[in-house]
Amino acid sequence: MNKALAQYLFFNETLYQFDDTKAEQFVEEKTEPVVSPAQSKPVKESLPPESKPEFTMATKQLVVVHTFSDTEKEFLGKVLGALNLSLSKVDLFIREQHPETAFKDLIYQYAVQGILFFGTESGGHFLERLKLQKYQIQTLKGVKFLLTDNLKQIGENKANEKRLLWEALQAFYS
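The rules behind these values
Residues numbered from 1 in each chain as written. Predicted model: local features only at pLDDT ≥ 70, side-chain atom pairs only at ≥ 80, totals over all residues. Heavy atoms only, no water. Helix = DSSP H or I, 4+ residues; strand = E, 2+ residues; numbered from the N terminus. Pairing = 2+ DSSP bridges. Axes fitted to C-alpha atoms, helices over the stretch in contact; angles between N-to-C directions. Contact = heavy atoms within 4.5 Å. pLDDT = per-residue confidence, 0-100. Buried < 20%, exposed > 50% of the residue type's maximum accessible area, 1.4 Å probe, protein only.

Just checking my understanding: could you explain unusual backbone geometry for this structure?
Peptide bonds are trans in most cases, and residues, glycine excluded, mostly fall at negative phi. With phi around 65°, Y135 is a residue other than glycine that occupies positive phi space. When you line up the elements, Y135 lands in the loop between α6 (125-130) and β4 (138-140). Phi at N160 takes a positive value of approximately 65°, unusual for a residue other than glycine. Residue position: N160 is located in the loop between α7 (151-156) and α8 (161-172).

How should the sheet that holds strand β2 (residues 91-94) be read in this particular structure?
Whenever strands of a sheet pair, they do so through backbone hydrogen bonds, lying parallel or antiparallel. Pairing within the open sheet is mixed, and its 5 strands lie in the order β2-β1-β3-β5-β4. In the strand order of this sheet, the two ends are held by β2 and β4, each with one partner. Averaged over all pairs of adjacent strands, the angle between their axes in this sheet comes to 20°, without regard to strand direction. As paired strands, strand β1 (residues 61-65) and β2 are joined by 4 bridges and run parallel to one another. Counterpart to L62 in the pairing with β2 is D91. Helix-sheet contacts for α8 involve β1, β3 (114-118) and β5 (143-148), and the interaxial angle to β5 is about 175°.

I'm lost on the confidence of the model for the protein in this one. Help?
It should be kept in mind that the predicted coordinates are not to be read in detail where pLDDT is low. With 70% of its residues at a pLDDT of at least 70, the protein reaches an overall mean of 81. Scored below 50 in pLDDT, residues 43-47 makes 0 contacts in the model with residues more than four places away or belonging to other chains.

Teacher, can you tell me more about the pairing of β5 here?
Each regular strand shows side chains that alternate between the opposite faces of the sheet. In terms of burial, β5 is largely enclosed, as 5 of its 6 residues are buried. As paired strands, β3 and β5 are joined by 5 bridges and run parallel to one another. Following the sheet pairing, L116 is matched in β5 by L146. Alignment of β4 against β5, held across 3 bridges, turns out to be antiparallel. Note that in β5 the partner of L140 across the bridge is V143. Counting the residues in the hairpin turn of β4 and β5 gives 2 residues, including K141, whose phi is positive at 50°.

And the structure:
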């Protein structure tokens with residue numbers, strides 16, 4: 001941390017006071033001697049693992065899917081369009097891209113008003129604790145939750161899932 005940043009963060013606080021010149025001498029003493037490439041041993045470079053960007057929300061409505069193919073994206077766009085919504089008016093959370101993100105943290109951090117889970121695999125352990133019934137809205141602490149089948153299964157419409165989804169979403173977004 002550089003001096004300016006420390007002064008900004010800890011303005012009018014004394015954390016530890018020391019003489020700058022002594023600190024610089026200490027750093028110079030502890031540096032390793034320069035070794036020519038011929039003298040050095042090959043060292044494996046350890047790069048930090050590729051980190052995925054942290055999930056942020058712009059709206060208060062969260063739509064959660066496990067994976068998201070182009071056909072599922074197109075289908076979800078049509079469903080939201082029928083409700084006068086779009087993918088830009090909700091926050092899309094793809095579980096596969098953020099497996100470690102805790103929904104509880106998102107709810108408190110962003111004051112989420114509603115979460116729509118497409119498929120039980122999209123919510124993982126969080127859904128197991130909530131014990132949601134498919135296509136039934138549940139409200140807990142002011143947050144509406146809705147669990148449906150995954151988008152692929154709804155698209156196949158083998159057990160009239162599209163009608164169940166439509167009825168549930170009308171109530172969810174009313």
